[in-house]
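Notes for the structure review
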Amino acid sequence: QVQLVESGGGLVQAGGSLRLSCVASGRTVSIYAMGWFRQAPGKEREFVAAINWSDGRTYSADSVKGRFTISRDNAKNTVYLQMNNLKSEDPAVYYCAAARSLLVTLRRPGEYDNWGQGTQVTVSS
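About the criteria used
- Residues numbered from 1 in each chain as written.
- Predicted model: local features only at pLDDT ≥ 70, side-chain atom pairs only at ≥ 80, totals over all residues.
- Heavy atoms only, no water.
- Disulfide = S-S within 2.5 Å.
- Helix = DSSP H or I, 4+ residues; strand = E, 2+ residues; numbered from the N terminus.
- Buried < 20%, exposed > 50% of the residue type's maximum accessible area, 1.4 Å probe, protein only.
- Polar contact = N/O pair within 3.5 Å; in protein donor to acceptor, adjacent residues only side chain to side chain.
- Contact = heavy atoms within 4.5 Å.
- Pairing = 2+ DSSP bridges.
- Axes fitted to C-alpha atoms, helices over the stretch in contact; angles between N-to-C directions.

Below, the discussion takes up the state of the cysteines. According to the stated counting rule, one finds 1 disulfide in the structure shown. There is a disulfide in this structure between C22 and C96, and the S-S distance comes to 2.1 Å. Taking the sign of the S-S torsion, -75° for the link of C22 and C96, the bridge is left-handed. Remark: C96 occurs in strand β9 (residues 92-99) and C22 occurs in strand β3 (residues 18-26); sequence separation between them is 74 residues. Considered together, C22 and C96 belong to a single accessibility category, that of buried residues.

Dropping the structure here:
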């Protein structure tokens, strides 16, 4: 099993920035990719960004391209989500997730095997 712990959420003004972190522990050798998802009240969990754990290839939702950047530090078993120019549509609970399977698109929550507890991001106007 892989355990994931997110941090870095909080309250920020519109146009501001936050950096989320997610530390993985346990059977990290089994990780194929890491992803960030978010879920706002009354909405489904949606894909934000993902990164291939070995080669660093990244994938992002169109809604965050040019504003959010996913990165990883393999030595620290940590994945980051740098969020810039936060907007009114970005507030949500942000979840980190780990996928073990190679046969995935990385954009669907059901493809991930392990999840963190989530961290709240709030944007004030």
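Here we take up the side chain of E111. Along the chain, E111 turns up in the loop between β9 and β10 (114-115). Classification of E111 by relative accessible area gives buried; the value is 11%. Of note is the side chain of E111, whose polar atom sits 2.9 Å from the side chain of T105. Discounting residues that sit within four places of it in the chain, E111 has contacts with A99, V104, T105 and L106.

Ordered by their spatial adjacency, 4 strands build an open sheet running β1-β3-β8-β7, and the pairing between neighbours is antiparallel. Lying at the two open borders of the sheet, with one neighbouring strand each, are β1 (2-7) and β7 (68-73). This sheet shows a mean twist of 20° between the axes of neighbouring strands, independent of strand direction. In terms of strand pairing, β7 meets strand β8 (residues 78-83) through 6 bridges, oriented antiparallel. In the sheet register, I70 faces β8, and the bridge partner there is L81.

Take Y59: it is sitting in strand β6 (residues 58-60). By relative accessible area, which is 23% here, Y59 ends up partly exposed. Residues Y59 and G110, 51 residues apart in the sequence, show an inter-C-alpha distance of 17 Å. Setting aside residues no more than four positions away along its own chain, Y59 makes contact with F47, V48, A49, A50, L106 and R107.

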